[in-house]
2 protein chains.
Amino acid sequence: MTAMDRIIPMIDHAVLAPDATRDDVLAGCELVAEVGTASICIHPRWVTVAAEALQGSPVAVGTVAGFPLGATTSEVKAFEARQAFARGADEIDMVLAITALKSGDYAAVRDDVAAVVGAAYIADAEEPVVKVILETCYLTDEEKRIAVELAVEAGAHFVKTSTGLGPEGATVANVRLLRELAPEHVGVKAAGGIRTVEDCLAMIDAGANRLGCSSTRKIADGLETT
Amino acid sequence: MTAMDRIIPMIDHAVLAPDATRDDVLAGCELVAEVGTASICIHPRWVTVAAEALQGSPVAVGTVAGFPLGATTSEVKAFEARQAFARGADEIDMVLAITALKSGDYAAVRDDVAAVVGAAYIADAEEPVVKVILETCYLTDEEKRIAVELAVEAGAHFVKTSTGLGPEGATVANVRLLRELAPEHVGVKAAGGIRTVEDCLAMIDAGANRLGCSSTRKIADGLETT
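Residues numbered from 1 in each chain as written. Chains lettered and ligands numbered in written order. Predicted model: local features only at pLDDT ≥ 70, side-chain atom pairs only at ≥ 80, totals over all residues. Heavy atoms only, no water.

Peer 1: Where do I start with helix H8 (residues 172–181) of chain B in this structure?
Peer 2: An α-helix turns once per 3.6 residues; consequently, residues spaced three or four apart project the same way. Residues and elements named next belong to chain B. Along H8, the residues classified as buried are Asn174, Val175, Leu177 and Leu178. Buried residues in H8, looked at end-on, bunch into an arc of 160°, giving them a common side. Exposed residues pointing more than 90 degrees away from the buried face of H8 are listed as Ala173 and Glu180. Looking at the buried residues of H8, the elements they touch are helix H7 (141–153), strand S6 (158–160), strand S7 (187–191) and helix H9 (197–205). (Buried < 20%, exposed > 50% of the residue type's maximum accessible area, 1.4 Å probe, protein only. Helix = DSSP H or I, 4+ residues; strand = E, 2+ residues; numbered from the N terminus. Arc of directions from axis to C-beta. Contact = heavy atoms within 4.5 Å.)

Peer 1: How should I be thinking about the packing of aromatic side chains in this particular structure?
Peer 2: Aromatic ring pairs are reported here in terms of the distance separating the ring centres and the angle at which the planes meet. The full count for this structure, using the stated rule, is 1 aromatic pair over all chains. Residue placement shows Lys131 of chain B over the ring face of Phe158 of chain B; its charged tip is 6.0 Å from the ring centre. (Phe/Tyr/Trp six-rings, centres within 6.5 Å; stacked < 30°, edge-to-face > 60°. Lys NZ or Arg CZ within 6 Å of the ring centre and 35° of its normal.)

Peer 1: What is the right way to read the interface of chain B and chain A from this model?
Peer 2: For an interface, size is often stated in terms of accessible area lost upon the parts coming together. Listed by partner, the interface residues are 33 residues for chain B and 33 residues for chain A. In total, chain B and chain A occlude about 2900 Å² of area from one another, counting both sides; carbon and sulfur atoms represent 63% of this. Three residues, Pro18, Arg45 and Leu69 of chain B, lead the burial of chain B against chain A; their summed loss comes to 24% of the area buried on that side. Where chain B meets chain A, there are 6 salt bridges. Between Asp112 of chain A and Arg45 of chain B there is a salt bridge; the shortest N-O distance is 3.3 Å. The interface formed by chain B and chain A holds 14 residue pairs in polar contact (both at pLDDT 80 or more) in total. Considering each element in turn, the side of chain B that touches chain A owes the most residues, 6 residues, to helix H4 (residues 74–86) of chain B. Within the side of chain B that touches chain A, the residues separate by chemical class into 16 nonpolar, 8 polar and 9 charged. (Buried area = accessible area lost by both parts, 1.4 Å probe. Salt bridge = Lys/Arg side-chain N within 4 Å of Asp/Glu carboxyl O. Polar contact = N/O pair within 3.5 Å; in protein donor to acceptor, adjacent residues only side chain to side chain. Nonpolar A, V, L, I, M, F, W, Y, C, P; charged D, E, K, R; others polar.)

Peer 1: Explain the pattern of salt bridges here, please?
Peer 2: Opposite charge on two side chains makes pairing possible when the charged atoms of those side chains draw close. A full pass over the atoms with the stated rule returns 38 salt bridges over all chains. In this structure, Glu75 of chain A engages Arg87 of chain B in a salt bridge whose closest nitrogen and oxygen atoms are separated by 3.7 Å. Of this pair, Glu75 of chain A sits in helix H4 (residues 74–86) while Arg87 of chain B sits in the loop between H4 and strand S4 (91–95), each in a different chain. Residue Arg87 of chain B is classed as partly exposed on the basis of its relative accessible area, which comes to 31%. For Asp93 of chain A, the salt bridge identified is with Lys131 of chain A, shortest N-O distance 3.0 Å.

Peer 1: Quick question: what am I supposed to make of unusual backbone geometry here?
Peer 2: The phi angle of most residues is negative, glycine excepted, and most peptide bonds adopt the trans form. Residue and element names in this part refer to chain A. In the segment running from Phe67 into Pro68, the intervening peptide bond is cis, with an omega of 0°. Inspection of the secondary structure puts Pro68 in the loop between strand S3 (60–65) and H4. One non-glycine residue with positive phi stands out, namely Glu135, at about 50°. Here Glu135 lies in the loop between strand S5 (129–133) and helix H7 (141–153). A relative accessible area of 2% means that Glu135 is categorised as buried.

Given below as structure tokens:
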């Protein structure tokens, strides 16, 4: 198994720039279909476009909910997720209710994740995947522990380090911590600042099962030449 | 009329940090009730908390929709706004569908604003105010012109420069441009990086009717001592 075979199928290719256009989304869909990432992750507005472009492809369609602050209500996140699943999304990367966690309202944090997990089933999605973005840069290690516990209790399939839009992205230390905290059946996604083959390998070594990247073309080309 | 009398009633006091807690929101409510801003602007999750804290006060409760990227669907923004109005919000600062504008899909941009304006009436809000954040840092001057035209057509009450979370905040040039572009009955809100009395006065001179600030305490104190 080559590095290419290991890395590319773990990538969620992110097209999440605030001004990403329909053409950017379509170019992203071409890229992921060509190289064979796990998924493409696009803004909710583009789910239908991506789902059509990737029809028949094994690459999953992912989108976000409550992104990137996580400070909207659980009802809004659940509505957003339900609509996305109904439009053809397979995976949702939701942002944790950071404001609620910071306020010590742990039940609200758990219910918030549960609302999105529930939305997947209400929308009758096939093998839906819900990833919970902790945005670790705002959390203490103790808060990370609590967040992982609550997300797992609520049925999350992955815990994820970062949105990629906050002041800090994925670090090896945080990926290792999340891998230690989460039970084996829950995946760990590293995202934010992962731009090279070396970055990818460091995150995988630390325990990541998925990698959020927007430099996928560069990474794929880097792999091809090594 | 003193500078204090002019500036403070034009401020929307923003408590929009990604990790703003319930206590931060309550402290903000105390501050705005004391100094008499136009409104407080808090995350959707805290609308009920702020509406209760400010019951009987003339200070309006504001929140955001599709914040800060504007890249979710119109249905999600409308749902978010409807829930906020139903919970006691008076004003919504929504983010323009930047991705749609950048894709040349102008009808989608207009419908997106109209969906939120409509939500205010569905929720039976009294004198609802909808502000449309252009996030000017991503737009050309021609795109700003188109955005203002579409927002006005869709019934927006204000156009607003920035989220405060993007790479650039309000500039005098952009406030002046929006004031020229918008009809007189539509207000202009300057937001992002407005931290001092001097900043406030510069924005008002450029034509701003509202100011988004998180340094309201500092500004109020600055005014008191000058």
